[in-house]
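Analysis of the macromolecular model
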Amino acid sequence: MAGLRSISNVWKNIGEVDLRPIREDALRELQIAIVGEAGSGRHTLAEQLRQDPSREGTRAETPVAVLDLEEADQAQEADLIVLMVDAAGSGFERQREHARRWTNSGKKVLVFYNVLGSGAGEAALKKSERGLDSVWNAHHLLVGRADDAQFLLKQFVPAVMRMLPGDLLPLARRYPLFRVPVANDLIGDTSLSNAAYAFSTGLAEIVPILNIPLNVTDMIIITKAQAFLAYKLGLALGLSTRWQDYVREFGGVIGSGFLWRQLARSLIGLIPVIGIIPKAAVAYSGTYVVGRAVLGWYLTGRHISPRQMRESYRLAYWRGRSTALDWFSKVRRPRLPRRRTAQAALAASQAPASQTIQLPSKTCSNCGRGNASEAMFCQFCGQPLTPRAVEAA
């Protein structure tokens with residue numbers, strides 16, 4: 001395992017990279033507007049956006065534009081417009097007109113049918129979702145309860161993340177409801193990226209002359225990706241924007257990744273070609289465990305135990321291995337000519353033993369001696385010089 005000096009060098013390299021784009025992205029303004037009639041659940045949803053269900057008592061004072069239908073024009077500047085609809089109502093001509101106008105102007109609109117009644121009413125409404133889709137055309141549509149945290153985490157949050165794929169950092173930093181889901185997305189995405197990098201360099205390392213420099217680059221790239229992940233997780237969860245504040249707390253966690261990477265780099269040399277699979281799996285699982293350990297520290301202030309780390313690593317390893325196997329099955333490998341194909345080509349160029357051949361007319365079929373091409377009879381035995389099929393020796 002790398003010592004503290006190696007870990008400090010990694011963070012020093014991180015500091016030399018321009019982190020301002022990441023920091024500025026996380027601090028970027030991102031506005032969500034919630035529009036609807038009185039009693040549609042607008043304020044309930046706005047309050048849910050400001051709370052983190054995984055950390056009781058965590059609440060942000062992020063401003064949310066909560067608008068009446070008469071104020072709908074003010075939502076035009078928002079990055080996302082959530083149109084709240086009371087599922088017990090009917091008609092919704094005004095709401096549909098606003099949604100159509102926003103969509104035509106390029107705005108991202110999510111229609112939220114807020115179910116305020118019984119569970120039976122909610123189930124009946126969900127059965128008619130296809131009909132609702134046709135009413136609202138291509139708009140994103142959800143049916144559920146704005147006061148149900150589990151529904152919001154399972155349905156509303158993923159829908160918004162799909163609609164704003166390039167705005168996840170500011171979305172999580174400004175609205176605590178999205179923090180843990182975005183953190184999990186960052187961990188999964190970075191784990192896959194590191195696995196893909198290890199897989200691609202593993203293919204290249206089959207060429208012996210490339211082995212050493214690619215191993216060194218592998219260590220640098222994967223380590224930096226893990227450090228960036230720790231920094232992004234902190235930004236997403238509303239923590240400090242200074243990367244220096246992360247060095248001491250997470251040096252040990254990130255440093256543990258060196259052991260996994262050392263193992264991964266050795267596999268390709270021990271098991272050519274086949275070693276690519278465990279190498280990519282190790283890169284995936286090592287990054288995943290680092291991400292989970294860092295996230296656990298952010299949320300609880302405690303490090304995960306060695307036992308928890310081993311169990312998490314074991315599960316992530318098999319997930320990464322399955323992914324690497326899928327990639328490997330899709331790699332286009334060169335097709336070498338088969339031995340029997342070459343032999344068949346050679347045999348085809350030769351006459352089979354049972355095939356008949358024609359003797360030239362100047363050769364006598366009786367005595368086998370040559371004659372002039374214009375001769376009609378053999379000058380040696382007197383036999384007519386007509387071509388005759390004979391069996392090839």
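Here goes a summary of the coordinates provided. Just so it is clear, the structure is predicted and the values come from calculations on it, not from any experiment.

Moving on to helix α7 (residues 149-163). The end-to-end C-alpha distance of α7, which contains 15 residues, comes to 20 Å, matching closely the 21 Å that a straight helix rising 1.5 Å per residue would cover. When the local axis directions of α7 are compared, the greatest deviation, roughly 35°, occurs at Phe-156, which is followed within four positions by the proline Pro-158. Residues of α7 that are buried: Phe-151, Leu-152, Phe-156, Val-157, Ala-159, Val-160, Met-161 and Met-163. Two to three positions downstream of the cap, the backbone nitrogen of Gln-150 sits 3.1 Å from a side-chain oxygen, assigning the N-cap of α7 to Asp-148.

Ordered in space as β2-β1-β3-β4-β5, the 5 strands form an open sheet in which the pairing is parallel. Both outer strands of the open sheet, β2 (65-67) and β5 (140-144), are each paired with one neighbouring strand and no more. The sheet shows a mean angle of 20° between the axes of neighbouring strands, taken without regard to direction. Here strand β4 (residues 109-114) runs beside β5; their pairing, made up of 5 bridges, is parallel. Considered in β5, the bridge of Tyr-113 is made with Val-143. Of the strands in this sheet, β1 (32-35), β3 (80-86) and β4 touch helix α4 (residues 93-104), which is tilted by about 165° from β3. Contacting β3, β4 and β5, α7 crosses the sheet at an angle of about 165° to β4.

Applying the stated rule across the entire model yields 8 aromatic pairs. Measuring from centroid to centroid gives 5.8 Å for Phe-92 and Tyr-113, while their planes differ by 85°, and the two rings are edge-to-face. With Phe-92 in the loop between β3 and α4 and Tyr-113 in strand β4, this residue pair connects regions lying 21 residues apart in the sequence. Like Tyr-113, Phe-92 is buried.

Moving on to the pattern of salt bridges. The tally for this structure, following the rule as stated, stands at 15 salt bridges. The salt bridge partner of Asp-52 is Arg-55, with a shortest N-O separation of 3.1 Å. Since its relative accessible area comes to 5%, Asp-52 is described here as buried. Residue classification places Arg-55 among the buried positions, given a relative accessible area of 15%. Notably, a salt bridge pairs Glu-70 with Arg-94, separated by 3.1 Å at the nearest N-O pair. With a gap of 24 residues between them, Glu-70 in the loop between β2 and β3 and Arg-94 in helix α4 connect regions that are remote in the sequence. You can call Arg-94 partly exposed: its relative accessible area is 42%. Here the residues in one salt-bridge network are Glu-47, Arg-50, Arg-59 and Glu-61, joined through shared partners.

For the rest of this paragraph, the subject is the nonpolar core. The biggest cluster of nonpolar side chains holds 54 residues, and the ones touching the most others in it are Val-82, Phe-112, Phe-156, Leu-171 and Phe-178. It is α7 that contributes the most residues to this core, 8 residues altogether. Discounting residues that sit within four places of it in the chain, Phe-156 has contacts with Leu-45, Leu-49, Val-82, Leu-110, Phe-112, Leu-142, Phe-151, Leu-177 and Phe-178. Membership of the second largest hydrophobic core comes to 20 residues, among which are Ala-75, Ala-78, Leu-83 and Trp-102.

Let's shift gears to the packing of helix α13 (residues 276-300) against helix α14 (residues 306-329). The interhelical angle for the contact between α13 and α14, taken along N-to-C directions, is 140°, at an axis separation of 7 Å. In terms of orientation, α13 lies oblique with respect to α14. Where α13 crosses over α14, the handedness of that crossing is right-handed. Its residues assigned to classes, the contact of α13 with α14 shows 17 nonpolar, 4 polar and 3 charged.

Here is what the cut-offs are and how they apply
Residues numbered from 1 in each chain as written. Predicted model: local features only at pLDDT ≥ 70, side-chain atom pairs only at ≥ 80, totals over all residues. Heavy atoms only, no water. Helix = DSSP H or I, 4+ residues; strand = E, 2+ residues; numbered from the N terminus. Expected span 1.5 Å × (residues − 1). Bend = angle between axes of the 7 residues up to and from the residue. Buried < 20%, exposed > 50% of the residue type's maximum accessible area, 1.4 Å probe, protein only. Polar contact = N/O pair within 3.5 Å; in protein donor to acceptor, adjacent residues only side chain to side chain. Pairing = 2+ DSSP bridges. Axes fitted to C-alpha atoms, helices over the stretch in contact; angles between N-to-C directions. Contact = heavy atoms within 4.5 Å. Phe/Tyr/Trp six-rings, centres within 6.5 Å; stacked < 30°, edge-to-face > 60°. Salt bridge = Lys/Arg side-chain N within 4 Å of Asp/Glu carboxyl O. Core = buried A, V, L, I, M, F, W, Y, C linked by side-chain atoms within 4.5 Å. Parallel < 35°, antiparallel > 145°, perpendicular 65-115°, else oblique. Left-handed = near helix turned anticlockwise from the far one by under 90°. Nonpolar A, V, L, I, M, F, W, Y, C, P; charged D, E, K, R; others polar.

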